[in-house]
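Below are the chains, spelled out letter by letter.
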Amino acid sequence: MVDSQYYLPNEIGVSALDCSVAFHLLSPQEKMYAHYLSRAAWYGGLAVLLQTSPESADIFVLLQRIFRKQTPAQLEQVATAAGLSSEEYQAFLVYAAGLYANMGNYKSFGDTKFIPNLPKDKLKAVVKASQAFQDQPTEMEALWDSCSCLLYSLEDRKKQLGLGDKGISTYFSGNCCLEDAELAQKFLDSKVSNILISIVVSPISFFCTPLTPLEGECESCCGSFNFEDKEFIVKRGDYAPLMEKVSYYLQQAQAYAANENQRKMLDEYTRSFTFGSVEAHKEGSRYWIKDKGPIVESYIGFIESYRDPFGSRGEFEGFVAVVNKAMSERFTKLVSSAEVLLPELPWPREFEKDTFLKPDFTSLDVLTFAGSGIPAGINIPNYDDIRQSEGFKNVSLGNVLAVAYATKKEKLTFLEEEDKDLFIKWKGPSFEVQVGLHELLGHGSGKLFVQVSQTYCDQPRDWRTGEFTWDSKFSTIASSYEECRAECVGLYLCLNKQVLSIFGHEGQDAEDVVYINWLSMVRAGLLGLEFYTPESKSWRQAHMQARFVILRVLLEAGEGLVGLEEVTGQDSKPDARITLDRSKIHTVGKNAIHKFLCKLQVLKATADVEGGRALYDGYSTVSDSGAHNFLRLRETVLLRKEARKMFVQANTRVNGDSVELVEYEGSVAGLIHSFTERFQDEVEQLEADLLELSKRDASCWLGPLVK
């Protein structure tokens, strides 16, 4: 029997992201702009296959070829004749949909591998019986052989993403360890930190994203370098065929840009993806920040570093969305109140930005989100120097929030019965408040210091050593640490009546929103145990680690604020109950978050890595000792976990002078159909490029490398 955490259940939730109303309100020019930006995002998003695992690209191409020839309904007859039961065929469809939704065979939220929930011989039977195999038996046989073993492998190291013996990573070759990653980062900081590094291979080589060299543009980045008695070889051209498509569609979008900021933004993005220049992407981000209140909002690039085991390299993502004006009004009011709310935060005034650079904060209906997963909110760009001195933007993804967190009462785990109805009623509104505060005043607050001679300067460097900090210095804990800080800001400021009023909550309703927001956080802390791996003593998801840390902080506060007990469920299986004393949130709870949040900010601002790690690793520890046996509770969480929903996104299609929105049903078949129709431009060449890119790097992951 395979542990259930390594496959997706047949009854997994699938929802269509509805953006039809918002899209149809766009002008013809705006629709064209959104269409070409979406094409750029989708083609760039294919790089995530290569960033996830050695086998993901091959599996993707295998599935695309099968479902391009036959729809899921047509293939079902073939599968039945090949001996698959209806449950086994559904498991195959769920696996295919999961591969598409996560852009790889590791869960985007938790980084755990998932395999098909049917025997390998049954999957092989349906592959061989497919029309695609009948038409091209030699090619399909080779494709199956290239990925079938890895597709099912659950060797310990292949169960999750990680560095060295802790997991699989295509950011580093198989023989890289933490010391190699640290040395590579030191080299990058000293020599070539302005290029998009995608892979580190030991002996140390770098493969970068630029297509071709340009005089004066990353010219000195490539070549052989000697650093700390080691030779570093930097090469260029990774993901070149995909970045070429991205650049082409960005250039097409320029013709439909609404203003000069958008045109310059797209020009800089194109330059970044063509030549691998981070400086060009940063320049594009500056124009993006200046593009205030666009009807069609977008961002694209190698953005989030959650899945790099070292916490520095960005995974590709691109989104295109339409502003929801009614929802955005609340966030605009929150932005206007920011300068009043920031002084309420618990750290000394010297640790806050001298001037709050008011960002755009909009609620968006997502048209396209290409990458490994879709978040509920975003605070970008992730360049600390730009955020600190020039500004940033916040977005809340309204149509994602509308479907992602809808929960049925019978599926609500670990809560008292009397809390469940209230939780269902206020979970959505409370999460909207939390997302707003988390993104705007969580990620958007706080100062970073650097020491220049004997004076202090507000830049993201260590005030004692002058070295670059945050992602590079806090490395493996940076992402989760920052998410924890932002979550704490949300908890702390949601107690403010002015904030609640901005979101339309007064009186008892406001108190219920606060209660459910805090209850949701402590429950999420318990649920977070799903994303902890005892064997390697490591966390696989930054946000869930952060929420577990907050649970630990609130439990430590004592005085009956939070209760956590192990019980036996009605099914006679292990269960747990979380309770929260709402009368103590404003006193005991607020005081605990006040103290913890202050520590987080001061340690971050002063780049006290030693202190920050000691604090954060201490609260992140999962053990079977102490007041709560968290290792045993983890088993209970796994027993009662619910699979994360998958989303079906629409496509756009140019028809003459207009753009059509092509929508699909909210099912695994609909999700599969959306992907087979998504990549139709020179499809054979595209798939050949993906397979060649995957093959080129294969020796890095699977071959015996000698250090």
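Quick notes on the rules
- Residues numbered from 1 in each chain as written.
- Predicted model: local features only at pLDDT ≥ 70, side-chain atom pairs only at ≥ 80, totals over all residues.
- Heavy atoms only, no water.
- Core = buried A, V, L, I, M, F, W, Y, C linked by side-chain atoms within 4.5 Å.
- Buried < 20%, exposed > 50% of the residue type's maximum accessible area, 1.4 Å probe, protein only.
- Axes fitted to C-alpha atoms, helices over the stretch in contact; angles between N-to-C directions.
- Helix = DSSP H or I, 4+ residues; strand = E, 2+ residues; numbered from the N terminus.
- Parallel < 35°, antiparallel > 145°, perpendicular 65-115°, else oblique.
- Left-handed = near helix turned anticlockwise from the far one by under 90°.
- Contact = heavy atoms within 4.5 Å.
- Nonpolar A, V, L, I, M, F, W, Y, C, P; charged D, E, K, R; others polar.
- Disulfide = S-S within 2.5 Å.
- UniProt positions renumbered as here; feature names shortened; annotations may be inferred.
- Pairing = 2+ DSSP bridges.
- Expected span 1.5 Å × (residues − 1).
- Bend = angle between axes of the 7 residues up to and from the residue.
- Polar contact = N/O pair within 3.5 Å; in protein donor to acceptor, adjacent residues only side chain to side chain.
- Lys, Arg positive; Asp, Glu negative; His and termini not counted.
- Salt bridge = Lys/Arg side-chain N within 4 Å of Asp/Glu carboxyl O.

**Let's talk about the nonpolar core**
Here is step 1: Grouped together as the largest cluster of nonpolar side chains are 115 residues, with contacts concentrated most on Leu46, Phe60, Phe67 and Phe92.
Here is step 2: Among the nonpolar cores identified, the runner-up in size contains 81 residues, and Leu334, Ala478, Leu561 and Ile578 belong to it.

**Thoughts on the packing of helix H4 (residues 56–69) against helix H9 (residues 137–152)**
The description of two packed helices rests on the angle between their axes and on the distance between the axes.
Here is step 1: For the pair H4 and H9, interaxial distance at closest approach is 9 Å and the crossing angle is 135 degrees. Between H4 and H9, the angle falls in the class oblique. The crossing of H4 and H9 is left-handed. Listed contacts from H9 to Asp58, Ile59, Val61, Leu62, Arg65 and Ile66 of H4 are Glu139, Met140, Leu143, Trp144, Ser146, Cys147 and Leu151.
Here is step 2: Split into classes, the residues belonging to the contact of H4 with H9 amount to nine nonpolar, one polar and three charged.

**Notes on the state of the cysteines**
Here is step 1: Under the criterion given, the structure shown has zero disulfides.
Here is step 2: Free cysteine Cys488: the closest other cysteine sulfur is in Cys484, separated by 4.3 Å.
Here is step 3: Look at Cys488 and you get buried, because its relative accessible area is 0%.

**Observations concerning the UniProt feature "active site" (unreviewed entry) in the protein**
Here is step 1: In the numbering used here, UniProt assigns the feature "active site" (unreviewed entry) to Glu439.
Here is step 2: With respect to the element layout, Glu439 can be found in helix H18 (residues 417–442).
Here is step 3: By relative accessible area, Glu439 is classed as buried at 6%.
Here is step 4: Setting aside its immediate chain neighbours within four residues, Glu439 contacts Phe361, Gly377, Ile378, Asn379, Asn394 and Gly444.

**Considering unusual backbone geometry**
Here is step 1: In this structure, Pro381 follows Ile380 across a cis peptide bond, with omega equal to 5 degrees.
Here is step 2: Of note, Pro381 is situated in the loop between strand S9 (377–380) and helix H16 (384–389).

**Focus on the pairing of strand S5 (residues 230–236)**
Two faces belong to every sheet, and in a regular strand the side chains alternate between them.
Here is step 1: Alignment of strand S4 (residues 223–227) against S5, held across five bridges, turns out to be antiparallel. The residue bridging Asn226 from the neighbouring strand is Glu231, located in S5.
Here is step 2: As consecutive antiparallel partners, S4 and S5 are separated by two residues, and within that stretch Glu228 has a phi angle of approximately 50 degrees, a positive value.

**Re helix H26 (residues 630–639)**
Every α-helical turn comprises 3.6 residues, leaving residues that sit three or four positions apart pointing alike.
Here is step 1: Buried within H26 are the following residues: Phe630, Leu633, Arg634, Thr636, Val637 and Leu638.
Here is step 2: On its buried face, H26 sits against helix H22 (507–527), strand S13 (532–533), helix H23 (542–557), strand S15 (562–568) and strand S16 (574–580).

**Re the UniProt feature "binding site: Zn(2+)" (unreviewed entry) in the protein**
Here is step 1: Mapped onto the present numbering, the UniProt feature "binding site: Zn(2+)" (unreviewed entry) falls on His438, His443 and Glu483. Of the residues just listed, which span 46 residues, no C-alpha pair is farther apart than 8.4 Å, and they cluster in one region.
Here is step 2: By the secondary structure assignment, His443 is in the loop between H18 and strand S11 (450–452).
Here is step 3: Relative accessible area serves as the criterion here: at 10%, His443 is assigned to the buried category.
Here is step 4: Apart from the residues lying within four places of it in its own chain, the contact partners of His443 are Asn379, Arg387, His438, Glu482, Glu483, Arg485 and Ala486.

**Some words on the sheet that holds strand S8 (residues 360–370)**
Here is step 1: Reading across from one edge, S6-S7-S8-S10-S9 is the order of the five strands in this open sheet, with mixed pairing throughout. Each edge of the open sheet is held by one strand with a lone partner, namely strand S6 (296–304) and S9. In this sheet, adjacent strand axes meet at a mean angle of 35 degrees when their direction is disregarded.
Here is step 2: Relative to strand S10 (residues 393–397), S8 runs parallel, the two sharing five bridges. In the strand pairing of S10, Phe361 is matched with Asn394.
Here is step 3: Across the sheet, helix H2 (residues 28–45) touches S6, strand S7 (315–323) and S8, and the angle it forms with S8 is around 60 degrees.
Here is step 4: Contacting S6 and S7, helix H12 (residues 260–275) runs over the sheet at an angle of about 25 degrees to S6.

**Considering the packing of helix H6 (residues 86–102) against helix H27 (residues 668–678)**
Here is step 1: At a closest axis distance of 9 Å, the pairing of H6 and H27 adopts a crossing angle of 50 degrees. Taken together, the axes of H6 and H27 lie oblique to each other. Considering how the two elements wind past one another, H6 and H27 form a crossing that is left-handed. Taking contact as the criterion, the partners of Gln90, Leu93, Val94, Ala96, Ala97, Tyr100 and Ala101 in H6 are, on H27, Val668, Leu671, Ile672 and Phe675.
Here is step 2: Grouping the amino acids of the contact of H6 with H27 by side-chain chemistry returns ten nonpolar, one polar and no charged.

**As for H18**
Here is step 1: With 26 residues, H18 extends only 32 Å from end C-alpha to end C-alpha; this falls clearly short of the ideal 38 Å at 1.5 Å per step.
Here is step 2: Taking the largest bend as the criterion, H18 deviates by roughly 50 degrees, centred on Trp426, and proline Pro429 comes between one and four positions later.

**Here we look at the environment of Tyr106**
Here is step 1: Following the sequence through the fold, Tyr106 ends up in the loop between H6 and helix H7 (120–129).
Here is step 2: Distance from Tyr106 to Tyr6, taken between C-alpha atoms, is 9.2 Å for residues 100 residues apart in sequence.
Here is step 3: A polar contact is formed between the side chain of Tyr106 and the backbone oxygen of Lys158, at a distance of 2.7 Å.

**Observations concerning the side chain of Lys427**
Here is step 1: By secondary structure assignment, the location of Lys427 is in helix H18.
Here is step 2: One buried charge, Lys427, has no salt-bridge partner; the nearest side chain with opposite charge is Glu487, at 8.6 Å.
Here is step 3: Once residues within four sequence positions are removed from consideration, Lys427 is found in contact with Tyr405, Ile516 and Ser520.

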